[in-house]
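# Residue-level structural notes
Chain by chain, the residues:
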Amino acid sequence: GTFIRSALRQIHRRRSPERIWDRLYNRWFGGGRRVGYHERSKHRPSNRISIGKRDRPIFSTIRHPFDRYVSQYFFGWWRTRSEYYCDVEKVRKKYPHFPDLTFEEFLQVSANEFGRLFNPLLPERDGLGWYSREVVRMFFLDPWHAFYDIDDDYIDGQRWERDMLDIQFLRTSNLNRELYDFLHEVG
């Protein structure tokens, strides 16, 4: 994310010219020599990491789910780009004032409609929420197949571990310390 990029740029600019940051970024994120950090998305799924680079240390930030929903609600892309999040007409049948939702309504719509994928193994009442679906999309090697494997046994047996890369998650609630520890650990 933005904070991580900013912190890494500050660290490396203090010690070296911009070209060293480009090389470091490209080494970590798989860019070619001519590809700079400005050309890479900071929200790329882990399955986009090239196979030859998956043995390197990988980290990502992760928010407490409630904090993420609060951020999404106030950031509001779902208001201005609704068609990318849901079937707008379907949502308006239940919420005619959409996208002018209360936070409670936003939570209901995001859980039931945003990024909705049907998993026949889960009863609808137990379906995965928007954030859980995003975790599968971002961190699983084959998210579309893994999604359909999810049921209570899959979760209880921790079978999801085999479907993910080895990723160290840094919590935003303690990001400064965890980023420092991670960078110190990897040298």
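Residues numbered from 1 in each chain as written. Predicted model: local features only at pLDDT ≥ 70, side-chain atom pairs only at ≥ 80, totals over all residues. Heavy atoms only, no water.

### Digging into the overall build of the protein
- Looking only at helices and strands, the protein features 10 helices and 2 strands.
- The order of helices and strands in the protein, counted from the N terminus, is α-α-β-α-α-α-α-α-α-α-β-α.
- Partitioning the intrachain contacts of the protein with sequence separation of at least 6 by distance along the chain shows that 56% fall at a separation of at least 24.
- In the structure as shown, the protein presents an accessible area of about 12,500 Å², 51% of it carried by carbon and sulfur atoms. (Helix = DSSP H or I, 4+ residues; strand = E, 2+ residues; numbered from the N terminus. Contact = heavy atoms within 4.5 Å. Areas by Shrake-Rupley, 256 points an atom, 1.4 Å probe, with all protein chains shown as cover.)

### Description of helix 10 (residues 175-185)
- Turning to helix 10, its buried residues are L175, E178, L179, F182 and L183. What you see down the axis of helix 10 is that its buried residues fit within an arc of 130°, all on one side. Counted as exposed and oriented over 90 degrees from the buried face of helix 10: N176, H184 and E185.
- Among the residues trailing helix 10, G187 stands out with phi positive, at a value near 85°. (Buried < 20%, exposed > 50% of the residue type's maximum accessible area, 1.4 Å probe, protein only. Arc of directions from axis to C-beta.)

### Digging into the packing of helix 3 (residues 65-75) against helix 7 (residues 130-139)
- Contact pair helix 3 / helix 7: the axes reach a minimum separation of 10 Å and the direction vectors enclose 100°. Judged by the inter-axis angle, helix 3 sits roughly perpendicular to helix 7. Within the contact between the two elements, helix 3 uses P65, R68, Y69 and Q72 and helix 7 uses W130, Y131 and E134.
- Class assignment of the residues belonging to the contact of helix 3 with helix 7 gives a composition of 4 nonpolar, 1 polar and 2 charged. (Axes fitted to C-alpha atoms, helices over the stretch in contact; angles between N-to-C directions. Parallel < 35°, antiparallel > 145°, perpendicular 65-115°, else oblique. Nonpolar A, V, L, I, M, F, W, Y, C, P; charged D, E, K, R; others polar.)

### A short note on helix 6 (residues 103-112)
- Looking only at helix 6, the buried set comprises E105, F106, V109 and S110. With its buried residues spanning 130° around the axis, helix 6 presents them on a single face.

### A short note on the packing of helix 3 against helix 6
- At a minimum axis separation of 11 Å, helix 3 and helix 6 run at an interaxial angle of 110°. One finds that helix 3 runs roughly perpendicular with respect to helix 6. Note on element contacts: helix 6 touches helix 3 through F103, F106, L107 and S110, opposite F66, Y69, V70, Q72 and Y73.
- Here the residues of the contact of helix 3 with helix 6 sort into 7 nonpolar, 2 polar and no charged.

### Overview of the packing of aromatic side chains
- Applying the stated criterion across every chain yields a total of 21 aromatic pairs.
- Look at F106 and W130: their rings are 6.2 Å apart centre to centre, the planes differ by 75°, and that puts the pair in the edge-to-face class. One end of the pair, F106, is in helix 6; the other, W130, is in helix 7, and 24 residues separate them in sequence. Each member of the pair, F106 as well as W130, is classed as buried.
- Aromatic rings pair up to connect F66, Y69, Y73, F74, W78, Y85, F98, F103, F106, F114, W130 and Y131 into one cluster.
- One residue, R79, lies across the ring of Y73, its end atom 4.8 Å from the ring centre.
- For the cation-ring pair, R81 lies above W77, with the distance from its terminal atom to the ring centre recorded as 3.8 Å. (Phe/Tyr/Trp six-rings, centres within 6.5 Å; stacked < 30°, edge-to-face > 60°. Lys NZ or Arg CZ within 6 Å of the ring centre and 35° of its normal.)

### Brief notes about unusual backbone geometry
- A cis amide bond links F98 with the next residue in sequence, P99, at an omega value of 15°.
- Assignment of secondary structure puts P99 in the loop between helix 5 (88-94) and helix 6.
- Even without being a glycine, Q158 presents a positive backbone phi close to 55°.
- Position of Q158 relative to the elements: it lies in the loop between helix 9 (152-156) and strand 2 (167-171).
- The exposure class of Q158 is partly exposed, given its relative accessible area of 43%.

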